[in-house]
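Coordinates in review
Here is how the chains run, residue by residue.
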Amino acid sequence: MTIVLYLPVPVTGYVDGVIGISYAVYSLALARIWINGQDVFAEAPTNMGGLLHKLLLFSILVMVATLLIDALVAYLFAQERQEDAALAISGASLFFLVIAVGAAIGFLGTRFGRSRNTGKEFAASEARQAELVEAARTVLIDQEFFRDPSLTLTRLARRVGVPDRDLSRAVNAVEGVNVSQFVNLVRLAEAERLLVTTDEPVGRIQERAGFLTRSNFYREFQKAYGEAPGAYRKNAQSSL
């Protein structure tokens, strides 16, 4: 754009036209993003999608308004109507000032409304977090995703359909553990079930439960159940 603006083109209004075209191109590019809906903000926290979508539309409208005003001012100057151009600039400045004040009032009103509904929002947030944790548990168990020893937070979050940090915060808030520990608890529950209900070797159960190494499996199992896997199986089956 800088190079184009400095080209020696002997056309009246050339610079204004180039700037206008750049505004139009940016407006169209943003509009193409906007029409795809909130899904374009998939990497942002889920509760921000609606706000970001509205802010994008606001940006497009401001850019289009700026384009129209600049075009009007350029036309008035070309017609040597300087006083009308000055009036248009003043009116545009007042227009944007009113919009800015209105946006600030709206933002403050929203913040005030949120402060009055903190209790309800907190309860809704807790419910949402519990839903995310159950969704993650369902994916792990029903789809046997826990069996994958290379499972990561990112892969699990994608399968659930939420950003990494949303799932991480939900698991931490609801279960009091991080996502890795949460997955290990699901794996340990499966290992415990297999130990009690099958005669499979412990090494095979370790693999089916998604643990990479025997040492890690034994350490985690003993920490959770107070016994080594073999001893736990013997005691559990003898009591049946």
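Since the model is a prediction, treat every value here as computed from it, not as a measurement.

**Focus: the overall build of the protein chain**
Helices and strands together make up the secondary structure of the protein chain, namely 11 helices and 0 strands. Each helix and strand of the protein chain, placed in order from N terminus to C terminus, yields the pattern α-α-α-α-α-α-α-α-α-α-α. Expressed as a percentage of its 240 residues, the buried residues of the protein chain come to 28%. The long-range share in the protein chain, meaning contacts at least 24 apart out of those at least 6 apart in sequence, stands at 52%.

**Re the side chain of Asn-184**
Its place among the elements puts Asn-184 in helix 8 (residues 179-197). For Asn-184, a relative accessible area of 15% gives the class buried. Here Asn-184 is in contact with Phe-211 and Glu-220, once residues within four sequence places are set aside.

**Things to note about the packing of helix 6 (residues 153-160) against helix 7 (residues 164-175)**
Between helix 6 and helix 7, whose axes approach to 9 Å, the crossing angle comes to 95°. One finds that helix 6 runs roughly perpendicular with respect to helix 7. Where helix 6 abuts helix 7, its residues Leu-153, Thr-154, Leu-156 and Ala-157 lie against Asp-164, Leu-167 and Ser-168.

**Thoughts on a nonpolar patch on the surface**
Taken together, the side chains of Ile-3, Val-4, Leu-7, Val-9 and Val-11 make up a nonpolar region of the molecular surface, amounting to roughly 420 Å² of accessible area. Position of Val-11 relative to the elements: it lies in the loop between helix 1 (2-5) and helix 2 (14-34). Looking at Val-11, the relative accessible area reads 51%, which means it is exposed.

**A short note on the pattern of salt bridges**
Taken as a whole, this structure holds 11 salt bridges when the rule is applied. Put simply, Glu-134 and Arg-137 hold a salt bridge, and the shortest N to O gap is 3.4 Å. Note that Glu-134 and Arg-137 are positioned in helix 5 (residues 118-142) at a spacing of 3 residues, about one turn of the helix. One salt bridge in this structure joins Glu-190 and Arg-147, with 3.3 Å as the shortest N-O distance. On the criterion of sequence distance, the pair formed by Glu-190 in helix 8 and Arg-147 in the loop between helix 5 and helix 6 is long-range, its members being 43 residues apart. Judged by its relative accessible area of 11%, Glu-190 falls in the buried class.

What counts, and at which threshold
- Residues numbered from 1 in each chain as written.
- Predicted model: local features only at pLDDT ≥ 70, side-chain atom pairs only at ≥ 80, totals over all residues.
- Heavy atoms only, no water.
- Helix = DSSP H or I, 4+ residues; strand = E, 2+ residues; numbered from the N terminus.
- Buried < 20%, exposed > 50% of the residue type's maximum accessible area, 1.4 Å probe, protein only.
- Contact = heavy atoms within 4.5 Å.
- Axes fitted to C-alpha atoms, helices over the stretch in contact; angles between N-to-C directions.
- Parallel < 35°, antiparallel > 145°, perpendicular 65-115°, else oblique.
- Patch = residues over 30% accessible without salt bridge, like charges linked within 9 Å, V, L, I, M, F, W, Y side chains within 5 Å.
- Areas by Shrake-Rupley, 256 points an atom, 1.4 Å probe, with all protein chains shown as cover.
- Salt bridge = Lys/Arg side-chain N within 4 Å of Asp/Glu carboxyl O.

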